[in-house]
Amino acid sequence: MPPGRSSERRRSADACLRWAVCLVEPLLPLRRLVRLDEALGEAAAADPELVALVFAGTTADVVRTLPPDDSWRTLALVERVGAPDQPIATGPARAPQEPPGAPVASGDLRATAALTVAPGRPEPPRWPSGRAFGTWRDGTDLVELAWGSPERDPAFAPLANDLAPGAARVLVAAFSGWRPAFAEARALLEAVPAHAGLVDALRWACWRRRAYGLAPAEDVWPYESVHHWAERAFGLLELGQDPDEAVIESDIAWHRIAGR
């Protein structure tokens, strides 16, 4: 999206905000869910960078509240290789493109553009054993299947469909923070629909948080996080304002789960 189109970018951010209620209220009418998803898809097509940043940031906020000994923290990503990605298109503070192989500064989002991505199908995250991550069985360490199949079991229904490798990479990268998650999320922007993998990664992250006994309607942290990141994404991409890292860390610490 060209810099300066603030009203269009605000509408994309607002589509993320309105969609966020899906994360905390399972009783929304189906027709409402469909409209919210369609609006989010339109926003992702119009402003993919903003939607990717909102979902990457929110996913990182959610998974980083999991207990320190959560088994999903042991998952590993195979590093991507290939052509350098494009620099983030910020507004007035647009940064110059970094040359291939330039070092990535941990404090500068725009330096994340130096990360590289491989063409074709992404490699899924893997457990220390080497097994690929992304099926409902990856949640059985916390939840027991009680209704015969994940499709029938309310506890496992959100994981009944396997998580695509690209979406799984966003989820696992999010344990290292919003910057690595955003780098992976940007690799999904060419997918159709562009937002599907981002939604799936966040959905699995929220499921994992609920697996520790948090009720959806009572745990509004994912909903709040979307609101925070919609503002942060607009501020960064439109105005060149970097997110406040201290506030991000403080919020995550406040909502962190101690354990089972």
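Some words on the packing of helix α7 (residues 221-239) against helix α8 (residues 245-254)
Two numbers describe how α7 lies on α8: the axes approach to 12 Å, and their chain directions differ by 175 degrees. When the axes of α7 and α8 are compared, the pair comes out roughly antiparallel. Facing Trp221, His228, Trp229 and Arg232 of α7, the residues of α8 in contact are Val247, Ile248, Asp251 and Ile252. Within the contact of α7 with α8, the residues separate by chemical class into five nonpolar, one polar and two charged.

A look at the packing of aromatic side chains
For the coordinates displayed, the defined rule picks out nine aromatic pairs. When the centroid spacing of 6.1 Å and the interplanar angle of 65 degrees are considered together, the rings of Trp127 and Phe133 count as edge-to-face. For Phe133, a relative accessible area of 4% corresponds to the buried category. Each ring, one from Trp178 and one from Trp229, has its centre 5.2 Å from the other, and the planes form 55 degrees; the classification is tilted. Of the two residues, Trp178 sits in helix α5 (residues 178-186) while Trp229 sits in helix α7, which places them 51 residues apart along the sequence. Between Arg186 and the ring centre of Phe182, over which it is positioned, the NZ or CZ distance is 5.6 Å. Sitting above the plane of the Trp229 ring, Arg232 keeps its charged end 4.8 Å from the centroid.

So, helix α4 (residues 165-173)
With nine of nine residues buried, α4 lies mostly within the body of the structure. Among all positions of α4, only Pro165, Gly166, Ala167, Ala168, Arg169, Val170, Leu171, Val172 and Ala173 are buried. Contacts from the buried residues of α4 go to α3 (48-63), α5 and α6 (196-210).

As for the nonpolar core
Of all hydrophobic cores here, the largest spans 67 residues; its most connected members are Val51, Val54, Phe55, Trp72, Phe133 and Leu171. Elements represented by at least two residues in this core include exactly α1 (6-19), α2 (30-46), α3, α4, α5, α6, α7 and α8. Broken down by element, the residue count for this core peaks at ten residues, all from α3. Excluding anything up to four places from it in sequence, Val51 contacts Cys16, Leu40, Ala43, Ala44 and Leu198.

About the thresholds
Residues numbered from 1 in each chain as written. Predicted model: local features only at pLDDT ≥ 70, side-chain atom pairs only at ≥ 80, totals over all residues. Heavy atoms only, no water. Axes fitted to C-alpha atoms, helices over the stretch in contact; angles between N-to-C directions. Helix = DSSP H or I, 4+ residues; strand = E, 2+ residues; numbered from the N terminus. Parallel < 35°, antiparallel > 145°, perpendicular 65-115°, else oblique. Contact = heavy atoms within 4.5 Å. Nonpolar A, V, L, I, M, F, W, Y, C, P; charged D, E, K, R; others polar. Phe/Tyr/Trp six-rings, centres within 6.5 Å; stacked < 30°, edge-to-face > 60°. Buried < 20%, exposed > 50% of the residue type's maximum accessible area, 1.4 Å probe, protein only. Lys NZ or Arg CZ within 6 Å of the ring centre and 35° of its normal. Core = buried A, V, L, I, M, F, W, Y, C linked by side-chain atoms within 4.5 Å.

Don't take any of this as a statement about function, it's just geometry.
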